[in-house]
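So the chains spell out like this:
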Amino acid sequence: MAAPVWLWAFSVSLTLIPSVFGNSDVDALYALRRSLTDPDNVFQSWDPTLVNPCTWFHITCNQDNRVTRVDLGNSNLSGHLVPELGKLEHLQYLELYKNNIQGTIPTELGNLKSLISLDLYNNNILGTIPPSLGKLKSLVFLRLNDNKLTGAIPRELVGISSLKVVDVSNNDLCGTIPTSGPFEHIPLNNFEKNPRLEGPELLGLASYDTHCS
């Protein structure tokens, strides 16, 4: 016997929920989930058929049901970050420290105009620090220490007047350390254990571009 029409319609509506509501937060977070290995099952509650992700564990939303925090630090995750994270337009805190995340930092994170804290320390992240992070004009905390980052410290970061904490220690960065803007008050030990980093730049006397890569 054929299923009643109402039952068929209900099942179709469930299937279409993500696209009908067009919740970019759900799409972005589920893309992250698919890219990460989760042996401790911290993503158990991440159901992509829900209208919004505000009932998911490790997610905080504002009163408009938009994601403001992702708290996945020290969660035994491995895999890589995804460019879709740049669609979380209300995100203020991205906490993914102390995992085994590899790959590079997506340039799309520079689209997170509300971001206050970017904590990716104690992972195995490769590649360079994207200059696009200089667009994060609300950023206060940038902690990328204890990874495998290479290249220079982007001078675009100098233009973030809100920046209070920068820690890029224990990587493989090169070139010189910025000394203007918010970097004027960042302690030098937040740059240590980068064997190829040449120390603070001498403004007006030497170019910071020392052909590092």
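Quantities reported herein were computed from a predicted structural model and do not represent experimental measurements.

Our focus in this paragraph is the overall build of the protein. Broken down by element type, the protein carries two helices and twelve strands. Overall, the protein shows an N-to-C arrangement of helices and strands of α-α-β-β-β-β-β-β-β-β-β-β-β-β. When burial is assessed residue by residue, the protein has 45% of its 213 residues classed as buried. Of the contacts formed within the protein by residues at least 6 apart in sequence, a portion of 49% connects residues at least 24 apart.

Another aspect to go through is the sheet that holds strand E9 (residues 150–151). Read from one edge of the open sheet, three strands run E9-E11-E12, paired in parallel fashion. Both outer strands of the open sheet, E9 and strand E12 (196–200), are each paired with one neighbouring strand and no more. The sheet contact formed by strand E11 (residues 172–177) and E12 spans three bridges and is parallel. Bridge pairing in E12 links Gly175 to Leu197.

Here we come to the UniProt feature "domain: Leucine-rich repeat-containing N-terminal plant-type" (unreviewed entry) in the protein. The UniProt entry lists residues 23–62 under the feature "domain: Leucine-rich repeat-containing N-terminal plant-type" (unreviewed entry), expressed in the numbering used here. Taken end to end, residues 23–62 comprises 30% helix and 12% strand; its first and last C-alpha atoms sit 14 Å apart.

A few words on the packing of aromatic side chains. All chains considered together, the criterion is met by four aromatic pairs. Ring centres of Trp46 and Trp56 lie 5.0 Å apart, and the angle between their planes is 25°; this geometry places the pair in the stacked category. With a gap of ten residues between them, Trp46 in the loop between strand E1 (36–37) and strand E2 (59–61) and Trp56 in the loop between E1 and E2 connect regions that are remote in the sequence. For Trp56, a relative accessible area of 2% puts it in the buried group. Between Tyr97 and Tyr121, the aromatic rings sit 5.0 Å apart at their centres with planes inclined by 10°, giving stacked as the arrangement. With Tyr97 in the loop between strand E5 (93–95) and strand E6 (100–102) and Tyr121 in the loop between strand E7 (117–119) and strand E8 (141–143), this residue pair connects regions lying 24 residues apart in the sequence. On the basis of relative accessibility, which here comes to 25%, the residue Tyr97 falls in the partly exposed class.

What counts, and at which threshold
Along every chain, residues carry numbers that run from 1 in the direction the sequence is written. Totals for whole chains, interfaces and linings use every residue, but because this is a predicted model, local features are given only for residues with pLDDT of at least 70 and side-chain atom pairs only at 80 or more, for both listing and counting. Each side-chain value is worked out from all heavy atoms of the structure, with water and hydrogens disregarded. We count a stretch as a helix when DSSP gives it H or I for four or more residues in a row; a strand needs E for two or more, and each element gets its number in order from the N terminus. With a 1.4 Å probe rolled over the protein chains alone, any residue whose accessible area is under 20% of its type maximum counts as buried; one over 50% counts as exposed, and the rest are partly exposed. It only takes one pair of heavy atoms within 4.5 Å for two residues to be counted as in contact. Any two strands between which DSSP finds at least two bridges are classified as paired. UniProt positions are given in the numbering used here, feature names are shortened, and annotations may be inferred rather than shown by experiment. Each aromatic pair joins two rings of Phe, Tyr and Trp (for Trp, the six-membered one) with centres within 6.5 Å, and gets the label stacked for planes under 30 degrees apart, edge-to-face for over 60, and tilted for any other angle.

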